[in-house]
Each structure stands twice: as C-alpha cells, then as structure tokens.
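Examination of the molecular architecture
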Amino acid sequence: MTNRQLRLNAFMRPASIHTGAWRYPGAWPDMNFNFAHIKECIRKLEAAIFDGFFMADHMAVLNMPMDALKRSHTSTSFEPFTLLAALSQATEHIGLLATGSTTFDAPYHIARRFASLDHISGGRAGWNIVTTSNPDAALNFGLEEHMEHDERYRRAREFYKVVTGLWDSWADDAFIRDVESGTFFEPDKMHVLDHKGEFLSVRGPLNIARPIQGWPVIVQAGASEAGRQLAAETAEMVFTALPNMKAGKAFTADIKNRMRKIGRNPDHMMIMPACFVLLGDTKEEAQRKRSLLDSKVDYANAIASLSIALGHDASRFDPDKPLPDDIPESNASQSGRQRAIELARRENLTVRQLAQRLGGFGGLAMVGTVGSVADEMEEWLTTSASDGFTIQFPYLPGALDEFCTQLVPELQRRGLYRRAYEGKTLREHLGLPRPENRFFKNGDRRAANAAE
Ligand SMILES: Cc1cc2nc3c(=O)[nH]c(=O)nc-3n(C[C@H](O)[C@H](O)[C@H](O)COP(=O)(O)O)c2cc1C
C-alpha cells in the first residue's frame with residue numbers, strides 16, 4: 001500500500017521556477033533570498049507531510065545577457081548547506097535535499113557536508129548528484145572551459161564511488177568512547193579508502209561518523225543516455241524533467257529495466273519528475289492565472305531562456321520563423337536542448353512562441369482545479385508513469401498555500417497520500433533501505449577483497 005502512495009518534494013531553488021513569479025500580484029518579490037519567508041514555507045510543507053525540500057545549486061548567476069539577467073529573481077540564492085542546516089532546526093521530519101556538483105566540488109567536501117547535514121537533521125539529508133550544465137560555473141572555479149559532457153559523467157561515477165566510500169569510513173559501532181580504558185574508537189572499525197582513479201585521488205578516512213541514514217538519499221536529475229545510466233546505477237530518487245505521461249511511462253520503464261539488468265531492486269527508486277502545479281476554482285480560472293503569470297515575462301528573458309535550453313544564442317534566429325533545423329549539439333544540457341526542439345516541432349511554434357513558452361516555464365505543468373489535478377496525479381501513479389512529483393510552485397506564498405490546503409486534503413481523501421509521517425528519516429519516508437557498509441558488516445570488517 002505504502003509504495004503506491006504519492007511522494008512529494010518541493011522544488012525550492014529558485015523558490016518559484018517561473019521567471020514572472022516575483023511580479024505576480026500578492027507574491028513575495030524577495031522570496032528567493034528571504035530566510036523568514038523560506039522558514040515559513042518549509043513549515044507549511046512539513047505540515048502537509050512533504051517528503052522533501054530541495055535546494056538546487058548552479059554555482060554562477062544565469063548565463064544571460066544583462067537585459068534579461070536584471071529581471072531575474074534568481075540572480076541571488078542562499079548556499080544550500082548553510083540554508084538547510086538552519087532549516088533543519090526549524091523542522092523535525094521533512095527531508096532536506098541539496099545539489100552537490102561532481103564537476104566543481106571535491107568529493108571530500110561533499111562527503112563531509114552531506115554527512116554533517118544528515119547528523120544535524122537526524123537523518124534527513126539527500127544528495128542530488130549533478131554534473132553542472134551551466135558553462136559559466138567553470139569561470140568561477142579557475143577553469144576556462146567546461147568539461148565535456150561524457151567526461152563530466154565519467155567523473156561523476158568515480159566521484160559517487162569515492163563519496164559513498166568515504167561515508168563508509170567507520171563501522172556504525174566504531175565509537176565506543178570507553179572512559180575507563182581511554183579508548184574513543186576501535187581502530188579495526190575505521191577504513192582508509194586510499195582511492196586513486198582516473199580523475200580523483202582521495203586517501204580518507206572521512207573525519208565524520210557514518211551518516212545516520214548510512215548514506216544520505218542519492219538523487220539524480222539527468223535525462224541523457226549518460227545521465228540515465230548513472231541514475232540506474234546510483235540513484236534512489238530521480239527528478240528528471242518529463243514533458244508528459246507518455247514520456248513518464250517510457251522513462252520509468254527504462255530506468256527500472258536498467259536497474260534490473262545490473263541486479264538492483266527497481267522498488268528502491270522513486271521517480272519524482274519536476275511538475276508545475278497551478279490551481280484555480282475552475283479550469284478557466286487556472287488558465288487565466290497562468291496567462292497573467294506568463295504576461296509578467298519580458299521577451300529578453302524569454303529569448304535568453306531559449307538560448308540556455310539550446311546551448312546556442314537564439315537571439316540570432318528570425319523570431320517569426322520556425323526554429324532552424326541545423327542547431328548543433330552543445331556541451332550544456334543535451335536533454336534540455338532536445339526537449340525544446342521537440343516542443344517547437346510538435347506544436348509548430350515560431351522562435352518567438354517557443355521562447356515565450358520556455359521563458360515562463362516550459363516543462364510538465366498541471367493547471368486546473370483541485371479535482372482535475374488530483375485526477376492527473378492519480379493517473380500518473382496508477383499507470384506507473386512516476387512514484388510522485390517534485391513540485392514547482394508558480395508563485396509564493398499563494399500557490400504553495402493552495403497546494404497544501406486544497407490539493408493535499410483531496411489526495412488524502414482519495415487514499416493517494418499519507419496523513420502523517422510514518423518514520424523519522426528521509427529513507428523511512430520513502431521506504432528506502434539503509435545501505436550496508438561496504439567495508440563492515442554488522443560491525444565486523446568484511447573480507448579484504450569485498451572492500452573495493
Ligand atoms: C528537478 C531538476 C533539478 C535540477 N537541479 C539542478 C541543479 O541544482 N544544478 C544543476 O546544475 N543542474 C540541475 N538540473 C539539471 C540536471 O542535473 C541535468 O544537468 C539536466 O537535466 C540535463 O541532463 P543531461 O546532462 O543528462 O542531459 C536539474 C534538473 C531537474 C529536472
């Protein structure tokens with residue numbers, strides 16, 4: 001029963017994904033960078049029993065021309081760990097998920113931060129493994145060029161292995177703190193990783209006890225061939241943007257098949273695509289609210305968003321003609337480029353129309369009444385198109401309030417969503433097992449050859 005209930009995350013960086021959000025009537029214009037507002041929102045999300053609160057991270061301001069950037073409410077955001085550590089003290093149950101870049105960060109740093117967050121929050125941390133597609137991030141980290149897509153994913157795989165190896169540095173019962181003998185930990189229960197690979201060299205051990213969850217929950221959002229394969233091998237939750245239910249079914253089946261092929265249990269994966277939800281008293285009212293929101297997007301932002309999706313300067317295209325056929329692949333997001341091209345072809349859009357769609361929000365959107373959105377979510381769940389959703393709120397606080405006070409009770413009434421947290425940790429909320437320590441089984445060192 002439990003595993004056929006909807007899982008919900010809140011996508012909170014940017015606090016609203018829609019470029020026009022901060023200008024919507026009644027919205028908090030400073031939502032993205034106001035701690036008091038964020039704290040109020042996470043408490044409401046916890047009262048609505050959300051599984052997780054997710055902070056994305058982009059490590060650079062958006063790579064847009066100034067005329068577009070100056071209109072963006074996402075030009076500043078909190079650093080995720082500082083924020084989540086603070087929020088962990090304002091909440092008790094909700095999961096705290098953050099992006100950690102495998103391209104611009106060091107595995108020892110990532111392992112420490114997530115392990116600390118897991119301890120501080122009582123086992124509520126989750127790591128979204130991201131290779132970072134914004135090429136401008138490279139310029140903030142001493143590099144002139146962004147690493148190639150495939151190379152980024154090869155590094156990500158090795159990075160994951162090192163981080164999880166570091167989390168396994170200590171047996172769960174290593175710290176005996178024997179005051180009589182003066183022994184703080186048992187030396188046999190500490191493992192030195194000594195990793196040397198293609199990209200990384202890390203000795204270890206981690207100077208933090210094994211996380212409460214064993215490992216924080218592992219998340220992935222990539223959709224390319226390389227991204228899917230990495231998700232199937234490593235992830236326990238996937239956020240990947242999926243345009244519709246048909247794509248959801250195909251994606252879910254694909255990831256779960258890939259897991260079976262490598263001997264992983266497909267139940268140990270929560271597919272929770274990003275989903276924008278806008279509610280109205282009638283479908284027409286919901287559409288009117290969306291149109292009002294979309295009207296707050298300047299064309300400069302629209303065309304800049306299209307350029308980011310394509311990995312190419314779209315301002316050079318004729319705005320009133322269809323998208324040119326020969327847009328080359330770029331080193332940024334492959335799946336983002338593909339989704340934009342497919343949307344333009346499918347709906348026969350001009351460059352201007354496509355830009356306007358992506359400039360507001362171009363992904364999966366459920367816009368309707370409480371009943372119609374609950375129907376859609378139910379169909380995704382019952383046809384195994386997903387296990388739940390990572391909700392993107394159109395504007396704040398209004399859309400979050402409507403979701404929590406109107407849609408959640410309806411989902412509960414239909415038996416699709418729980419009425420209380422059943423466990424304490426994020427893994428327990430999601431029904432995910434605690435991973436065994438790779439180097440120690442029930443506290444004892446495993447045979448040396450099982451170590452790597
Ligand atoms: C819900 C969601 C959250 C994401 N969060 C981040 C993020 O925080 N930082 C980032 O650089 N990319 C983020 N991405 C982008 C993905 O990690 C990935 O780069 C993108 O989907 C392209 O995948 P591909 O490289 O496999 O084509 C996110 C994507 C989705 C759908």
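Throughout, a residue's number is its position along its own chain's written sequence, starting from 1. Per-residue local features of the predicted model are confined to residues with pLDDT of at least 70, and side-chain atom pairs are confined, for both listing and counting, to 80 or more; whole-chain, interface and lining totals are unaffected and use all residues. Excluding hydrogens and water, the side-chain figures rest on all heavy atoms present in the structure.

Considerations on the site of the ligand
Around the ligand lies a shell of 22 residues, among which Asp 57, Thr 99, Tyr 153, Ser 224 and Ser 335 are the nearest. For this analysis, a polar contact is any N or O atom pair within 3.5 Å, provided that within protein one partner can donate a hydrogen and the other can accept it, and provided that sequence-adjacent residues contribute only side-chain to side-chain pairs. The separation between an oxygen atom of the ligand and a polar side-chain atom of Tyr 153 is 2.9 Å. Between the ligand and Ala 221 there is a distance of 3.2 Å, counted from an oxygen atom to a backbone nitrogen or oxygen. Here the accessible surface of atoms and residues is derived via Shrake-Rupley with a 1.4 Å probe, and residues count as covered only by protein chains that are part of the display. With the chains in place, 92% of the 620 Å² that the ligand exposes on its own is no longer accessible. Breaking the shell around the ligand down by element, the ones donating at least two residues are strand 4 (125-130), helix 6 (149-167) and helix 11 (334-347). If even one non-hydrogen atom of a residue comes within 4 Å of a molecule or strand, that residue is called near it. Strands here mean DSSP runs of E at least two residues long; helices mean DSSP runs of H or I at least four residues long; both are numbered from the N terminus.

Concerning empty space enclosed by the protein
Grid spacing is 1 Å over the protein atoms alone, the probe is 1.4 Å, and a cavity is where that probe fits but cannot get out, while a pocket is an open set with protein on both sides within 12 Å along at least five of seven lines and lining residues have an atom within 4 Å of a point. Grid points are joined across faces, edges and corners, and a volume is the space filled by probe spheres set on the points. Tallied over the entire structure, the rule returns 2 cavities of 30 Å³ or more. Its volume calculated, the largest cavity comes out at about 60 Å³. For the lining of the largest cavity, a count of residues per class yields 9 nonpolar, 2 polar and no charged. Considering only enclosed or pocket space, the second largest cavity measures out at about 40 Å³ in volume. Met 12, Arg 13, Ala 15, Met 31, Asn 32, Ile 38, Met 55, Ser 77, Phe 78 and Leu 83 together form the lining of the second largest cavity. Taken together, the residues of the lining of the second largest cavity break down into 7 nonpolar, 2 polar and 1 charged. Just so you know the grouping, Ala, Val, Leu, Ile, Met, Phe, Trp, Tyr, Cys and Pro go in nonpolar, Asp, Glu, Lys and Arg go in charged, and all remaining residues, Gly too, go in polar.

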